[in-house]
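Listed below are the residues making up each chain.
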Amino acid sequence: MGLKYLLEKEFKQLLRNKFMVGVAVMFPLAVLLIMPWATNLDIKNIQVALVDNDHSPLSRDLIRQIEHSTYFNLQSQTGIYREAFADLERWDADLILEIPAGFEYDLVQFGTTPVQITINTVNSMKGVMGQSYMNELLMQYSRALAETGNRPSSIVSPKVELITQYMYNPTLNYRFTMIPGLIMITLIILGGFLPAVNIVVEKEMGTIEQLNVTPIGKFAFILAKLIPFWIIGLVAVSFGFLFAWLIYGLVPLGHFLTLYFFAALFILTMTGFGLLISNHSATIQQALFVMFFFVIIFIMLSGLLTPIDSMPGWAKGIAAFTPTKYVVNVLQSVYLRGSTIADLWIDMLVLIAMTLFFNIWAVISYRKSQ
Amino acid sequence: MKAVVVDNIHKSYEGGIRALSGISFDADRGELFGIIGPDGAGKTTLFRIMATLLLANEGTCRIDGLDVVDDYREIRKRVGYMPGRFSLYQDLTVEENLGFFASVFRTTIAENYHLVEDIYKQLEPFKRRRAGKLSGGMKQKLALCCALIHKPSVLFLDEPTTGVDPVSRKEFWEMLNRLQKQGITIIVSTPYMDEAKLCDRIALIKNGQFMSINRPMDIIRQFDLPLYAVKGDDMFRLLHDVREYKGVDHCYVSGEFHHFTVADGGFDSSALLAQLQQKGHSAVRIERVEANIEDCYMRLAKD
């Protein structure tokens, strides 16, 4: 009853605010349109300085392979390691490949020969990726050599050949892992930040003074704040799903209902959290800073940017308390693996528990008098 | 039963600021009770305690016989509160604001229209305008409507006329007098001394204490010293020179005059005039005047 009028008022205010209506549509669009390209982790154009001490047909063959690779650019080619190293130091080269003298002879004679790779790992991601791409290339080269018959069996003769099959994301497209996470970020901003500001605005405008001297109950007050953001969040997430399909052709392998169920749950978690912060803040500035602090932790530890399994124990411990960890897992699983609620029941229980915790605390901490 | 009974209220804020020390008063049903004092005297703190928004450290407050701590829920249904700061939704229209506050009290605009009719009629041409876009006086009228729409038995108005032009102020007080006739108890605060005489009774507040509670006329009648007004070309120097004059008790600025009281009957205004002229003051006028509330306040505040 009282809730109905409060909701009516909240919706009037929200819809009158054209900015907010735009945010619900434009935000998911902008995030999905720009972020997957900017946060691309595929590394290309690794600059290679080549030191060829052999100048044989085989070494030239290898060099041609490198030239043809899309991952490598042959930046310079010398016969002196020191010069190549100077390139590395000037940041002109990312990687040095040194082919020893007698490369061809050793290969033909003994079937094996060492080559040296020197990598700049200031950007560890680029360094490690460069190394693994180079390994891959050398491996292919030696396999090709073995197949041509008149050549020796192989450069490196692996006893066990590693055949990697990428499950659920066969092309290892980084964007496909990012998009479900980006949909979550949209929900954090809309479902978390907006409510965090909302109650504080009533405090700053003084309207809460007037509202507090009325028979409105705490529960109705918080619920009236919660529901509009929940609906905005669901609208935004729908646009997120739509844009993921339109722009990237990404459709979930799992069921849309599963996605909506978890999205609805997660919005409630974040909204409760936002309202809680709003209750405890005196100014918009305060609310935003506190929210930022938590949101950064939530995103960093969500497993979206770095896998949680590779975090140290204490970070894993903190991550276990972030709702984002569960929702990223859920969104990725449903999108790429086609998981169902039955597979994700642990995530569901944790999210439900967090939702109840934050929202009940938000109702309790809303005080009408001091 | 008294409509409002405040008994020995004490309130300190964190950091040891004493806002109220030992405030007591009561108001009858249908009384227009004014709390008069400068900024920082503790008026808003007192209003917030009476409106169940703030807990006092000590003392009790009863509205319609209900305690502000134990029965706050019931009190919130039957009081109207208009905070000193404009507290309506600026992004809602005039009509929506009024409708909203009616609905949270489970009533409608139509049901209590007779109460707000006089005021709302003036707002009607702007009813589709957002509250944030109204003039200062209009905002206060709307806020009064919103505080009245649920037919409260007690109305708390915290500085309703601050920042409002003189014409709107006058209208506002006329409305209060009409509401009072309908049996609504009104507790109003104001920093304007000239509004005090429009109240049935007033309390003069300073530093969290009431200096006097009485009918405005009685407070003025209690002013027992001869009071003079003085005016000249150089008002600033005049203030200083009058204060120097032997026999002048207390001299202070009062509008375009300086008012001063004298200690005993031996005061001769022509002697003061002569001395002031000797000191180079021109166009000096000294005359005996009747005290107003402000003089009473200055007198009490000095002691």
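All figures in this text were calculated on a predicted structure; none of them were measured in a lab.

Calculation criteria
Residues numbered from 1 in each chain as written. Chains lettered and ligands numbered in written order. Predicted model: local features only at pLDDT ≥ 70, side-chain atom pairs only at ≥ 80, totals over all residues. Contact = placed C-beta atoms within 7 Å. Helix = DSSP H or I, 4+ residues; strand = E, 2+ residues; numbered from the N terminus. Nonpolar A, V, L, I, M, F, W, Y, C, P; charged D, E, K, R; others polar. Domains from an automatic or database assignment. Pairing = 2+ DSSP bridges. Axes fitted to C-alpha atoms, helices over the stretch in contact; angles between N-to-C directions. Buried ≥ 20, exposed ≤ 12 C-beta atoms within 10 Å, placed from the backbone. Parallel < 35°, antiparallel > 145°, perpendicular 65-115°, else oblique. Left-handed = near helix turned anticlockwise from the far one by under 90°. Core = buried A, V, L, I, M, F, W, Y, C linked by C-beta atoms within 7 Å. Expected span 1.5 Å × (residues − 1). Arc of directions from axis to C-beta.

(A) Inspection of the interface of chain A and chain B at higher detail. The interface of chain A with chain B comprises 18 residues on the first partner and 25 residues on the second. Of all the secondary-structure elements, those providing two or more residues to the side of chain A that touches chain B are α1 (2-16) and α8 (207-212) of chain A. Among the elements that line the side of chain A that touches chain B, the one with the most residues is α1 of chain A, at six residues. Residues that form the side of chain A that touches chain B fall into these classes: five nonpolar, nine polar and four charged.

(B) Up close: the environment of asparagine 73 of chain A. Residues and elements named next belong to chain A. Within the secondary structure, asparagine 73 is located in strand β2 (residues 72-78). Between the alpha carbons of asparagine 73 and valine 48 there is a distance of 5.9 Å; along the sequence they are 25 residues apart. Beyond its immediate stretch of four places on either side in the chain, asparagine 73 contacts Asn45, Gln47 and Val48.

(C) View of the domain arrangement of chain A. Taken as a whole, chain A is organised into domain 1 (2-39 + 171-365) and domain 2 (46-147). Between the C-alpha centres of domain 1 of chain A and domain 2 of chain A the distance comes to 48 Å.

(D) Expanded view of the sheet that holds strand β5 (residues 66-67) of chain B. All names here are of chain B. As summarised here, the arrangement of the four strands in space is β2-β1-β4-β5, forming an open sheet in which the pairing is antiparallel. This sheet does not close on itself; its edge strands, each paired only once, are β2 (17-27) and β5. Here eight bridges tie strand β1 (residues 4-13) to β2, and the two strands are oriented antiparallel to one another. Residue pairing across strands places valine 5 opposite aspartate 26, the latter belonging to β2. Where helix α1 (residues 43-50) meets the sheet, it contacts β1, β2 and β4 (58-63), and its direction lies at approximately 120° from that of β1.

(E) Just the domain arrangement of chain B, in detail. Residue and element names in this part refer to chain B. Partitioning chain B into structural domains gives domain 1 (4-221) and domain 2 (227-302). For domain 1 versus domain 2, the distance between C-alpha centres works out to 37 Å. Taken residue by residue, the interface counts eleven residues in domain 1 and eight residues in domain 2. Only β9 (201-206), β10 (209-214) and α7 (216-221) provide two or more residues apiece to the side of domain 1 that touches domain 2. Broken down by element, the side of domain 1 that touches domain 2 gets its largest block of residues, three residues, from α7. Grouping the constituent residues of the side of domain 1 that touches domain 2 by class yields eight nonpolar, one polar and two charged.

(F) Representation of helix α3 (residues 94-104) of chain B in the model. By the criterion of burial, α3 of chain B is predominantly enclosed, with nine of the eleven residues buried. Close packing links the buried residues of α3 of chain B with α1 of chain A together with α4 (113-123) and α5 (136-148) of chain B. Once α3 of chain B finishes, arginine 106 of chain B follows within two positions and takes phi at roughly 60°, a positive value.

(G) Quick look at the packing of α1 of chain A against helix α9 (residues 218-248) of chain A. All names here are of chain A. The N-to-C vectors of α1 and α9 enclose an angle of 40°; their axes lie 9 Å apart at closest approach. Accordingly, the angle class assigned to the pair α1 and α9 is oblique. Here the hand of the crossing between α1 and α9 comes out right-handed. From α1, Gly2, Leu3, Leu6, Leu7, Glu10, Phe11 and Leu14 reach across to α9, where they touch Ala220, Phe221, Leu223, Ala224, Lys225, Ile227 and Pro228. Looking at the contact of α1 with α9 residue by residue, the class counts come to eleven nonpolar, one polar and two charged.

(H) Quick peek at the nonpolar core. Within the largest apolar cluster, 140 residues are counted, with the highest numbers of intra-cluster contacts made by Leu187 of chain A together with Ile36, Met50, Phe156 and Ile186 of chain B. Top element by residues in this core is helix α7 (residues 174-205) of chain A. It accounts for 14 residues. When neighbours within four sequence positions are excluded, phenylalanine 156 of chain B is seen to be in contact with Phe47, Met50, Ala51, Val79, Gly80, Tyr81, Met82 and Ile187 of chain B.

(I) Structural detail: the sheet that holds strand β11 (residues 227-231) of chain B. All names here are of chain B. Read across the sheet, four strands follow the order β12-β13-β11-β14 without closing on themselves; strand pairing throughout is antiparallel. With one partner strand each, in any of the chains shown, β12 (248-254) and β14 (285-288) form the two edges of the open sheet. Recorded for the sheet is a direction-independent mean angle of 25° between the axes of neighbouring strands. Where β11 and strand β13 (residues 257-262) come together, four bridges link them in antiparallel fashion. Each bridged residue has a counterpart across the sheet, and for leucine 227 the counterpart in β13 is threonine 261.

(J) Here's a closer look at the packing of helix α10 (residues 256-280) of chain A against helix α13 (residues 323-337) of chain A. Residue and element names in this part refer to chain A. Where α10 meets α13, the closest approach of the two axes is 10 Å, and the angle between their N-to-C directions is 165°. The angle between α10 and α13 places the two elements in the roughly antiparallel class. Along this stretch, α10 crosses α13, giving a crossing that reads as left-handed. Contacts between α10 and α13 involve Thr258, Leu259, Phe262, Phe266 and Thr269 from the former and Pro323, Val327, Val330 and Val334 from the latter. Per-class residue counts for the contact of α10 with α13 are seven nonpolar, two polar and no charged.

(K) Representation of α1 of chain A in the model. For α1 of chain A, with 15 residues, the first-to-last C-alpha span of 21 Å sits near the 21 Å given by 1.5 Å per residue. Within the sequence span of α1 of chain A, burial applies to Tyr5, Leu6 and Lys9 of chain A. One side of α1 of chain A holds all its buried residues, which, seen down the axis, span an arc of 100°. Opposite the packed face of α1 of chain A, turned more than 90 degrees from it, sit the exposed residues Lys4 and Leu15 of chain A. Those residues of α1 of chain A that are buried are in contact with α9 of chain A together with α3 of chain B.

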